[in-house]
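One-letter residues, chain by chain:
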Amino acid sequence: MKKHTLIQSGISLIALFSMAFSTASQAQSNYPTKPISLIVPFAAGGPTDAVARLLAVPMGKALGQTVVVENVVGAGGTIAATKVARSTPDGYTLFLHHMGMATAPALYDSLPYDPMKDFDYVGQVVDVPMLMLGRKDFPPKNFKELEAYIKANKEKVTMANAGPGAVSQLCGLIFMSREGVKLTTIPYKGTGPALTDLMGGQVDLLCDQTTQTIPYVKDGRVQVYGVTTPKRLAALPNVPTLDEQGLKGFDVKVWHGLYLAKGTPTPILEKINAALKKALNDPDVKARLNDSNIDIVAMNKVSPEALKSHLEAEINKWGPIIRKSKISD
Ligand code: ASP
């Protein structure tokens, strides 16, 4: 190749690079220019879905685009996590997941994604307690009776969950391991449909977040046997904790995080983080979360660093507990 053509092709390469660079930085500063999808790893009508739908509107308002909730269900949230890990890191695919992000690595022999390598972190979101629930005509009327009943009936008792990796499954596994019994577990695509079946009497037990269960406890459509956190709930002050009823140290509180695919440009991530903070400070959102006994995390936890280090700590916390108890489905 002659010298001048070499120089010419060098110049055109530089031009190409700078064009590509300016298009990329334009895309970042214009973001968002189209609707954003917010992936929820469980069925519509469940507690994770409810939190996502509550945040989608104010986040969309803050970002100036519609945030559309998309339920990608199955395999305890791992199908959705895989989809997000493989998505284009352009800020148009958000992912709301709970502590299943930390427990799945110990519950599955192998996962098609790595929670510590394949995601960018926007921030922590909310902490949600759970309730141990029974169908309303289930014979045991309190926790002591429940313990006696499951010991006598074992696998005849059915317990719903949202699949391996779901917190309903984790709560059930810990409960069974503490009681030394194996019940028959029935997986659903989320605890929304599981709760419908519990109310319909098709299944005996379900451990689920407070998000949608409190009104049904109050109007007697389901029975409640205990709270999964060490402190009683303001919304249900007469319901004892599992800890105070003999399962010392029983403590399952469902934390949530907002994620993106790894490699999302920082300016886009910062815009999403600001929108999340704005949504969590919205008075309407605050009031509705408060009604369900859901705690919004401190604002310094709504940060990429806080979510990443919390996730790592939780993977290290739950891995040994899950493996040591040899709890599996
Ligand atoms: N509560 C569910 C779980 O067990 C998920 C859901 O349907 O939101 O993880």
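All values derive from a computational prediction rather than experimental measurement.

Student: Help me understand the environment of L173, please; the structure alone is not making it clear to me.
Tutor: Secondary-structure assignment places L173 in helix α6 (residues 167-179). Given the relative accessible area of 4%, L173 is considered buried. As for L173 and V227, which are separated by 54 residues in sequence, their C-alpha atoms are 16 Å apart.

Student: Help me understand the pairing of strand β4 (residues 119-135), please; the structure alone is not making it clear to me.
Tutor: Looking down a regular strand, the side chains alternate between one sheet face and the other. In terms of residue burial, β4 counts as a mostly covered element, since 17 of its 17 residues are buried. Pairing between β4 and strand β9 (residues 253-261): eight bridges, direction antiparallel. Its bridge partner lying in β9, D120 is registered against L260. Where β4 meets strand β10 (residues 295-296), two bridges bridge the pair, whose relative direction is antiparallel. Of the residues in β10, the one forming a bridge with D127 is D295. Looking at chain direction, β4 and strand β7 (residues 205-209) are connected through five bridges and run antiparallel. Bridge pairing in β7 places L133 opposite L206. Pairing geometry for β4 and strand β8 (residues 222-227), over five bridges, is antiparallel. From the neighbouring strand, G134 faces β8, where its bridge partner is Q223.

Student: Could you clarify how one ought to interpret empty space enclosed by the protein in this entry?
Tutor: Where empty space is left in the structure can be found by rolling a water-sized probe over the atoms. Across all of its chains, the model carries two cavities of 30 Å³ or more by this definition. The space that makes up the largest cavity amounts to roughly 70 Å³. Those elements that provide at least two residues to the lining of the largest cavity are α2 (47-63), α6 and β7. For the lining of the largest cavity, the element with the highest residue contribution is α2, accounting for three residues. Here the residues of the lining of the largest cavity are counted per class, giving six nonpolar, seven polar and two charged.

Student: Please explain the site of the ligand as it appears in this structure.
Tutor: Around the ligand sit F42, P47, T48, H98, A162, A166, V167, S168, G190, T191, D208 and Q209, and that is every residue in its neighbourhood. Contacts to the ligand include V167, whose backbone N or O atom sits 3.0 Å from an oxygen atom. Between the ligand and the protein, one listed contact pairs an oxygen atom with a side-chain N or O atom of S168 at 2.4 Å. Taking 270 Å² as the accessible area of the ligand by itself, protein coverage stands at 100%. Within the residue set of the shell around the ligand, elements represented by two or more residues are α2, α6 and β7. Residue composition of the shell around the ligand, by class: five nonpolar, six polar and one charged.

Student: Help me out: how do you make sense of the packing of aromatic side chains in this one?
Tutor: Pairs of aromatic rings are described using the distance from one ring centre to the other and the angle between the two planes. One pass over the structure, following the stated rule, counts eight aromatic pairs. With 5.1 Å between their ring centres and 65° between their planes, Y31 and Y92 make a pair best called edge-to-face. Highlighted residues: Y31 in the loop between α1 (3-30) and β1 (36-40) and Y92 in the loop between α3 (78-85) and β3 (93-98), separated in sequence by 61 residues. The class for Y31 is buried, based on a relative accessible area of 3%. For Y92, a relative accessible area of 13% puts it in the buried group. Ring centres of F119 and Y259 lie 5.9 Å apart, and the angle between their planes is 70°; this geometry places the pair in the edge-to-face category. Highlighted residues: F119 in strand β4 and Y259 in strand β9, separated in sequence by 140 residues. Considered together, F119 and Y259 belong to a single accessibility category, that of buried residues.

Student: When you look at helix α10 (residues 283-291) in this model, what are you seeing that I'm missing?
Tutor: Helical geometry note: an α-helix holds 3.6 residues per turn, so side chains three or four residues apart project in the same direction. A distance of 2.8 Å separates the backbone nitrogen of D284 from a side-chain oxygen at the start of α10, and that oxygen is part of D282. Two residues or fewer past α10, N293 is found with a positive phi of approximately 60°.

Student: What is the right way to read the pattern of salt bridges from this model?
Tutor: Pairing is possible between side chains of opposite charge, provided their charged atoms come close. For the coordinates displayed, the defined rule picks out 13 salt bridges. Among the salt bridges present, the one from K83 reaches E70, with a minimum N-O distance of 3.3 Å. Of the two residues, K83 sits in helix α3 while E70 sits in strand β2 (residues 67-71), which places them 13 residues apart along the sequence. Here D137 ties to R135 by a salt bridge, and the two come within 3.0 Å at their closest N and O atoms. Taken together, the shared-partner salt bridges connect R135, D137 and D204 into one network.

Each value, and the rule that gives it
Residues numbered from 1 in each chain as written. Predicted model: local features only at pLDDT ≥ 70, side-chain atom pairs only at ≥ 80, totals over all residues. Heavy atoms only, no water. Helix = DSSP H or I, 4+ residues; strand = E, 2+ residues; numbered from the N terminus. Buried < 20%, exposed > 50% of the residue type's maximum accessible area, 1.4 Å probe, protein only. Pairing = 2+ DSSP bridges. 1 Å grid on protein atoms, 1.4 Å probe; cavity = no way out; pocket = protein on both sides within 12 Å on 5 of 7 lines; lining within 4 Å. Points joined across faces, edges and corners; volume = space filled by probe spheres on them. Nonpolar A, V, L, I, M, F, W, Y, C, P; charged D, E, K, R; others polar. Near = heavy atom within 4 Å. Polar contact = N/O pair within 3.5 Å; in protein donor to acceptor, adjacent residues only side chain to side chain. Areas by Shrake-Rupley, 256 points an atom, 1.4 Å probe, with all protein chains shown as cover. Phe/Tyr/Trp six-rings, centres within 6.5 Å; stacked < 30°, edge-to-face > 60°. Salt bridge = Lys/Arg side-chain N within 4 Å of Asp/Glu carboxyl O.

These figures capture arrangement, not role.
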